[in-house]
Amino acid sequence: MAAPTKKNPPFVSPPVSTETVQPAVPSTRAHVYITTPLYYVNAEPHLGSAYTIIICDTIARFHRQRGAETFFLTGTDEHGDKIAQAAEAAGESPKAYADRISDAFRHTWEACGLEYDRFIRTTDADHVRTVREILQQVHDAGDIYFSKYGGLYCTGCERFYTEKELVEGKCPDHRTTPDWIEEENYFFRMSKYQERLVAVLNEDPDLVRPERYRNEVLAMLREPLEDLCISRPKARLTWGIELPFDDRFVTYVWFDALINYVTAVRELGPERFAALWPAANHFIAKDILKPHAVFWPTMLMAAGLPLFQHLNVHGYWTVNGEKMSKSLGNVVRPLEMKARYGMDAFRYVLLRESVFGLDADFREDAMVTRINADLANNLGNLVSRTLSMQQRYFGGVVQPLADPRPEDDDLRATFAAAAAEVEEHVGELMLARALEAIWRAADHANKYIVETAPFTLAKDPAALPRVGTILHNLLETLRVTAQLAAPFIPETAQRIRELLRLPEGALAVPGPQWGDAFPAGHVVAPPVALFPRIE
Ligand code: MSP
């Protein structure tokens, strides 16, 4: 079995020059594969599940915009005790129940404008086939054995706990006393791969990032790793994928679900699999670090597959300082946020108000403040002032870009620097800092309006050519802002592009040089209010 190899360039893009306004050296990655966790169908989409998929959608758009072949996967996790129990409580068969909630996820994500390439379900036939093939292969290789096991089992977590892991004898997550369960089961020789996993984590410091989570994983691996129980006797649970080598058992839900990441790209054929799989970037929250950072890489090693490129781990959202829960009645639903504020505003706030890897707190009042300050005032004003002056003084017709003055060069340099910062920060998943850089540039453009005062100059007919140049520069700031912000607020970026009457595809990276985007005689649209102020 070959040792896992990692041949892809790192996810972090190289530092770029700030000399031209275009992201001169865009993250030239030919292939990018992005995954969300597969959400359990025992709850409907909320702020937390939306956050991960919005990050993934943003990163996927970022790479697509730079011409990479991008594959973006999401879906639902449907087997196991938890789902069987939820279905029973709902008075439905597990499959009917899973169909219904899985549809709710798909409809929500579609209504939110999220552009994934496949929505996978762990009940999909190709996934079931892949799981059985991998199980058989690992079994044949001798890494799955049959044994008796007794342990403390938490149904909520669907896993056995060691005494040490319990808090006052209770599951730390569910605060319930686990049941002592003794049964014969199949085990994956995970312990065999412990050393190799530690070595890989040491050789490749970015495999699990940010660093705090890598350290957490290394800390877990300081204890001896136990083998993983990967079956459930049908006497206890039938809702799962039957083991290919023993039909009295179904597969443990994590050994099933994690494999989805391979199923989806394997289905694309060997060539695309070979290109995409080593470029896999998993996105999860810290709650499922152990299955992704310990079970998954050791499973891949046993299956003789290379490891993913990065496991990207973000923090947890609370709402007004509290854990989000149905019983507290504080669940934030993405479609309600979309209806109230618009999807882009919701996306913007989530990405702007969180630091990747750290926990964040969601407050609707803070959201309104942010929308008014950044979207209605800063960006919205820049768009409406520029387009209204272009309309008033030139009937919307773009004027030549004449001799640059120092303040024009400064403006252009600010946007060049913002473009470079966006490349760098997105490569490091610092999405809030990327947005900060774009909005700093937009702010500069607003100040440029005040300082150059085209509305005063326009009173003097002799100064009109200068007014034309100022407005031309401002149109460029709108174009570049839309280009840089497109992965984050895609609808707004397209609306700006349409207002500028630029063709579809005009926001690709790299785009035209400053001054080249608007041919002589080009006409832009009259202004609109992109983001009305929220009172
Ligand atoms: N089904 C497993 C994952 C299997 S992946 C092969 C699972 N599902 S889940 O529905 O519980 O989703 C957990 C994920 O939802 C988190 O890792 C995170 O991506 C997202 N979040 C759920 N609640 C969240 C917050 N409150 N805050 C941030 N993200 C949250 O675990």
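Scroll up to find the structure this text is about.
Quick look at the structure, then. Computed from a predicted structure; not experimentally measured. (Residues numbered from 1 in each chain as written. Predicted model: local features only at pLDDT ≥ 70, side-chain atom pairs only at ≥ 80, totals over all residues. Heavy atoms only, no water.)

1. A closer look at the sheet that holds strand S7 (residues 208–209)
Then, number 1: Within the open sheet, the six strands sit side by side as S3-S2-S1-S12-S13-S7. Their pairing is parallel. Edge positions in the sheet fall to strand S3 (118–121) and S7, since each of these pairs with one other strand and no more.
Then, number 2: Where strand S1 (residues 31–40) and strand S2 (residues 69–77) come together, eight bridges link them in parallel fashion. Its bridge partner being in S2, Tyr-39 is matched across the sheet by Thr-76.
Then, number 3: On top of the sheet, helix H1 (residues 47–65) reaches S1, S2, strand S12 (280–285) and strand S13 (310–314); it is set at about 165 degrees to S1, its chief contact. (Pairing = 2+ DSSP bridges. Helix = DSSP H or I, 4+ residues; strand = E, 2+ residues; numbered from the N terminus. Contact = heavy atoms within 4.5 Å. Axes fitted to C-alpha atoms, helices over the stretch in contact; angles between N-to-C directions.)

2. As for the sheet that holds strand S8 (residues 228–229)
To summarise the sheet geometry, strands pair through backbone hydrogen bonds and adopt either a parallel or an antiparallel arrangement.
Then, number 1: The four strands lie next to each other as S5-S4-S6-S8, forming an open sheet whose pairing is antiparallel. Of all the strands in the sheet, the pair left with one neighbour each is strand S5 (159–161) and S8.
Then, number 2: Here strand S4 (residues 144–154) runs beside strand S6 (residues 179–188); their pairing, made up of ten bridges, is antiparallel. Each bridged residue has a counterpart across the sheet, and for Gly-151 the counterpart in S6 is Ile-181.

3. A word on the state of the cysteines
Then, number 1: All told, the structure shown has zero disulfides when counted by the stated rule.
Then, number 2: The thiol sulfur of Cys-112 is not disulfide-bonded, and the nearest other cysteine sulfur, from Cys-56, lies at 14 Å.
Then, number 3: Overall, Cys-112 belongs to the buried group, its relative accessible area being 4%.
Then, number 4: Summary of cysteine pairing: Cys-229 is not part of a disulfide, and the nearest cysteine sulfur, belonging to Cys-154, is at 15 Å. (Disulfide = S-S within 2.5 Å. Buried < 20%, exposed > 50% of the residue type's maximum accessible area, 1.4 Å probe, protein only.)

4. Things to note about the site of the ligand
Then, number 1: The immediate surroundings of the ligand are formed by 22 residues, with Leu-38, Thr-52, Asp-77, Asp-287 and Trp-317 found nearest.
Then, number 2: A distance of 2.8 Å separates a nitrogen atom of the ligand from a polar backbone atom of Leu-38.
Then, number 3: Here Trp-317 contributes a backbone N or O atom positioned 2.9 Å from a nitrogen atom of the ligand.
Then, number 4: Mapped by element, the contributors of at least two residues to the shell around the ligand are S1, H1, helix H7 (253–257) and helix H8 (260–266).
Then, number 5: Of all the elements, S1 adds the most residues to the shell around the ligand, at four residues.
Then, number 6: Residues of the shell around the ligand, tallied by class, amount to twelve nonpolar, eight polar and two charged. (Near = heavy atom within 4 Å. Polar contact = N/O pair within 3.5 Å; in protein donor to acceptor, adjacent residues only side chain to side chain. Nonpolar A, V, L, I, M, F, W, Y, C, P; charged D, E, K, R; others polar.)

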